[in-house]
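Residue-level listing of the chains:
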Amino acid sequence: MLKPAVGIGCFAAGTLLMIAFYWNELLLTGLMLCAAMICLAIDDWKNLKLFVVATLVGGLCENITVMMGAWGYANTNYIFAPLWVPIGWGMAMVIFEEAFTKDAHAPRFSKRAILAAFSGAFLTGVFAPVEVFMALCFAIATAVFFALGFYRMDELRAGILAGVFGAGMEVTCILAGNWHYPFAITAVIPLWLPFAWFNAFLIMRRITKI
């Protein structure tokens, strides 16, 4: 398992790549892929399945929300989101799993998690213009998932760290001009974004166990 400091360092390095090279979609895609392979090789490829599934699911959900106008990228030339974005999702999930879940249980695969992921992406696309309502919905959904036992309390710390680091990365990239949210009271990130990262990580933990 990656030490938290190593995982955070890898996450920071990925953020710097996105800031430095977002203007060249293909170059950044190649660099992100190389960085992902190095990170996976450090752990003897034990997270390869997690990376592949998170890349596919995260990439699909991202393209749905971007297609629906929830946010937009400064430089994308082929599909709705840049080609490097799915790789970023895969690596974020691997790093968060390795760095933040030491004391959390390993959940089983859940079909409900797949439904939650794509429903969440669609609903975010629909209600992104209503920022406060979206934040309230995310907060209620999070509480309900804990109350129903879909999330476990020993995952709370991991979810919070994912929310903090995910939102922090986005603030940095937005200020650098990589992407933007058209519906944000703060003019940087919407109020619901930390909740989105929190839930995306815990839901993805249940999808990648397939």
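Just above, that's the structure.
As the structure is a prediction and not an experimental result, all values here were calculated from the model.

A closer look at the state of the cysteines
Covalent bonding between the sulfur atoms of two cysteines defines a disulfide. For the coordinates displayed, the defined rule picks out zero disulfides. Lacking any disulfide linkage, Cys10 is separated from the closest cysteine sulfur, that of Cys39, by 4.2 Å. Of all cysteine sulfurs in the structure, the one in Cys39 sits closest to Cys34, which takes part in no disulfide; the separation is 13 Å.

Focus on the environment of Leu115
Within the secondary structure, Leu115 sits in helix 5 (residues 111-127). A relative accessible area of 58% means that Leu115 is categorised as exposed. Residues Leu115 and Ile203, spaced 88 residues apart in sequence, show a C-alpha to C-alpha distance of 9.7 Å.

Some words on a nonpolar patch on the surface
Judged by side-chain polarity, Trp45, Leu48, Val52 and Leu56 come together as a nonpolar surface patch covering roughly 360 Å² of accessible area. With respect to the helices, strands and loops of the structure, Trp45 is situated in the loop between helix 2 (25-42) and helix 3 (48-67). Given the relative accessible area of 40%, Trp45 is considered partly exposed.

Some remarks on the side chain of Thr101
Tracing the backbone through its elements, the reader meets Thr101 in the loop between helix 4 (85-100) and helix 5. Using a relative accessible area of 4% as the deciding quantity, one classes Thr101 as buried. Separated by 2.4 Å, the side chain of Thr101 and the backbone oxygen of Glu97 make a polar contact.

What counts and what doesn't
- Residues numbered from 1 in each chain as written.
- Predicted model: local features only at pLDDT ≥ 70, side-chain atom pairs only at ≥ 80, totals over all residues.
- Heavy atoms only, no water.
- Disulfide = S-S within 2.5 Å.
- Helix = DSSP H or I, 4+ residues; strand = E, 2+ residues; numbered from the N terminus.
- Buried < 20%, exposed > 50% of the residue type's maximum accessible area, 1.4 Å probe, protein only.
- Patch = residues over 30% accessible without salt bridge, like charges linked within 9 Å, V, L, I, M, F, W, Y side chains within 5 Å.
- Areas by Shrake-Rupley, 256 points an atom, 1.4 Å probe, with all protein chains shown as cover.
- Salt bridge = Lys/Arg side-chain N within 4 Å of Asp/Glu carboxyl O.
- Polar contact = N/O pair within 3.5 Å; in protein donor to acceptor, adjacent residues only side chain to side chain.

That's the geometry; what it means functionally is another story.
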